[in-house]
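# Inside the fold
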Amino acid sequence: MLEREGRPIPLSLLRQQRLARVAGVTAPDLVARIRAACDGPLLVLKGPETAARYPGHARAYVDVDVLVPDARAVQRGLLAAGFVEVTDPDGRWVGIQHLNPLMCPGIPLLVEVHAAPKWPEGLAAPPIEELLERAVPSVVGVPGVHAPAPVDHALLLAAHAWAHQPLGKARDLVDVGAFRIDAEPGELAQRARAWGALPLWRTTAAAIDAFLDRRRTGPFRLWATHVLELRDQTVLEAHLERICSPFWGLPKAKAARSSAVALAGEFRPAFDEGWGEKLRRTGVALRRPFVSVNAHRHMLGDSARRGQGRNKPPDQDSG
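Residues numbered from 1 in each chain as written. Predicted model: local features only at pLDDT ≥ 70, side-chain atom pairs only at ≥ 80, totals over all residues. Heavy atoms only, no water.

It is worth spelling out the pairing of strand β5 (residues 110-114) at this point. The side chains of a regular strand alternate, first on one face of the sheet and then on the other. Burial analysis of β5 places 4 of its 5 residues in the buried class, the great majority of the element. By the bridge criterion, 5 bridges tie strand β2 (residues 63-67) to β5 in an arrangement that is parallel. Each bridged residue has a counterpart across the sheet, and for V66 the counterpart in β5 is V113. The sheet contact formed by strand β4 (residues 102-103) and β5 spans 2 bridges and is antiparallel. Counted as the bridge partner of M103 is L110 from β5. The turn joining β4 and β5, which pair antiparallel and follow one another in sequence, is formed by 6 residues; a positive phi near 95 degrees is taken by G106. (Buried < 20%, exposed > 50% of the residue type's maximum accessible area, 1.4 Å probe, protein only. Helix = DSSP H or I, 4+ residues; strand = E, 2+ residues; numbered from the N terminus. Pairing = 2+ DSSP bridges.)

Attention now moves to the side chain of E241. Looking at where E241 falls in the secondary structure, it is placed in helix α11 (residues 235-244). With no salt bridge to any partner, buried E241 finds its closest opposite charge in R242, at an N-O distance of 6.1 Å. (Lys, Arg positive; Asp, Glu negative; His and termini not counted. Salt bridge = Lys/Arg side-chain N within 4 Å of Asp/Glu carboxyl O.)

It is worth spelling out the confidence of the model for the chain at this point. Chain-level statistics for the chain give a pLDDT mean of 88 and a share of 90% at 70 or above. Here residues 309-318 is modelled with pLDDT under 50, and outside its nearest four sequence neighbours on either side it reaches 26 contacts, counting other chains as well. (pLDDT = per-residue confidence, 0-100. Contact = heavy atoms within 4.5 Å.)

Attention now goes to the pairing of β2. Burial analysis of β2 places 5 of its 5 residues in the buried class, the great majority of the element. Residue alternation in β2 divides its side chains into two sets, D63, D65 and L67 and V64 and V66, and both sets are buried. Bridging between strand β1 (residues 43-45) and β2 involves 3 bridges; their strand directions are antiparallel. Bridging across to β2, L45 finds its partner in D65.

Residue position: S292 is located in the loop between α14 (275-287) and α15 (293-300). At a separation of 3.1 Å, a polar atom in the side chain of S292 contacts the main-chain amide nitrogen of A295. Setting aside its immediate chain neighbours within four residues, S292 contacts D232, Q233, T234 and V235. (Polar contact = N/O pair within 3.5 Å; in protein donor to acceptor, adjacent residues only side chain to side chain.)

A few words on the pattern of salt bridges. Going through the model one piece at a time under the given rule, you end up with 13 salt bridges. One salt bridge connects D29 with R33, and the closest N-O pair in it is separated by 3.2 Å. One end of the pair, D29, and the other, R33, are both in helix α1 (residues 11-37), 4 residues apart, so they sit about a helical turn from each other. Judged by its relative accessible area of 35%, D29 falls in the partly exposed class. Classification of R33 by relative accessible area gives partly exposed; the value is 35%. For the salt bridge of E237 with R231, the shortest nitrogen-to-oxygen distance reads 2.7 Å. Among the charged side chains, a salt-bridge network with shared partners connects E130, R134, D152 and R191.

For the rest of this paragraph, the subject is α11. For α11, the set of buried residues is V235, E237, A238, E241 and C244. Taken together, the buried residues of α11 touch α9 (218-222), α10 (225-229), α12 (246-249), α14 and α15.

For the rest of this paragraph, the subject is the packing of aromatic side chains. Counted by the stated rule, this structure contains 2 aromatic pairs. Measuring from ring centre to ring centre gives 5.9 Å for W119 and W195, while their planes differ by 70 degrees; the resulting arrangement is edge-to-face. Taken together, the residues W119 in the loop between β5 and α4 (128-133) and W195 in the loop between α7 (187-194) and α8 (198-213) connect sequence positions 76 residues apart. Each member of the pair W119 and W195 is classed as buried. On the numbers, 5.5 Å between centres and 65 degrees between planes, the contact of W223 with W248 is edge-to-face. (Phe/Tyr/Trp six-rings, centres within 6.5 Å; stacked < 30°, edge-to-face > 60°.)

All right, on to the environment of R33 then. Separated by 50 residues in the primary sequence, R33 and F83 place their C-alpha atoms 9.6 Å from one another. Filtering out sequence-adjacent residues up to four positions away, R33 remains in contact with F83, C104, P105 and I107.

See below:
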């Protein structure tokens, strides 16, 4: 729209536009190379599938996620075909839902081979066999490559976003909504119930509707106001998110336990810090409750990573 009206485009948007164009051009070739290097079913998640639902494919992403029945066998096949594993000196990718990211020489997109979808802690992810039964051809157009059915994809995206940060970004709501439009009335709720993710789905669906109508649901009043107002989350909102969000995303019993654990964590030191550092961090937070989380972390420096551990991946989603 800015281009059509001849108005200046912010540099951040120009960068996203260029990333989207590069991804759109290179993703089919990358997926074709993945397909040639491995056997068996291959599901493409997020990335090109989500971008295809934006006008002009204007959704940037920097990696291609594939879900397969035997992730380690596929990883070995890709390495044998010339893909290169991204180094991981801090152990960020150990014990999570995908293996170490891979690079294909000459292509700027990373590849993440998933053994399972990313799913909120405390809930069981759907089996890949079920996703394969309903799979549809992938938009990349490579023979033998599929993607989850739109209903499944909407729930996978909602759960993936919630696992990163409950109602963390407006972009996540747009992504889920782009697949929700293909569902029949009640179909998503029925599938979410079968997967044990009905509270999470109801909260996400209500948030999409409220975002479009500029209304404030419970989460938009407590911890996700930043999404509605298109700004960074504050320190206070981040603390409320940890304590309150389980009641909107988990069954009641699991929500109570998860919230209690989060509340206890607010008052005790992380496993890798002492009481002195904990009190200092708490003091900074109490003095600046309405500062953005990013600014707060910058103030704390290395202390901002306390409790994350070596195996904690970056708290961001590349799409």
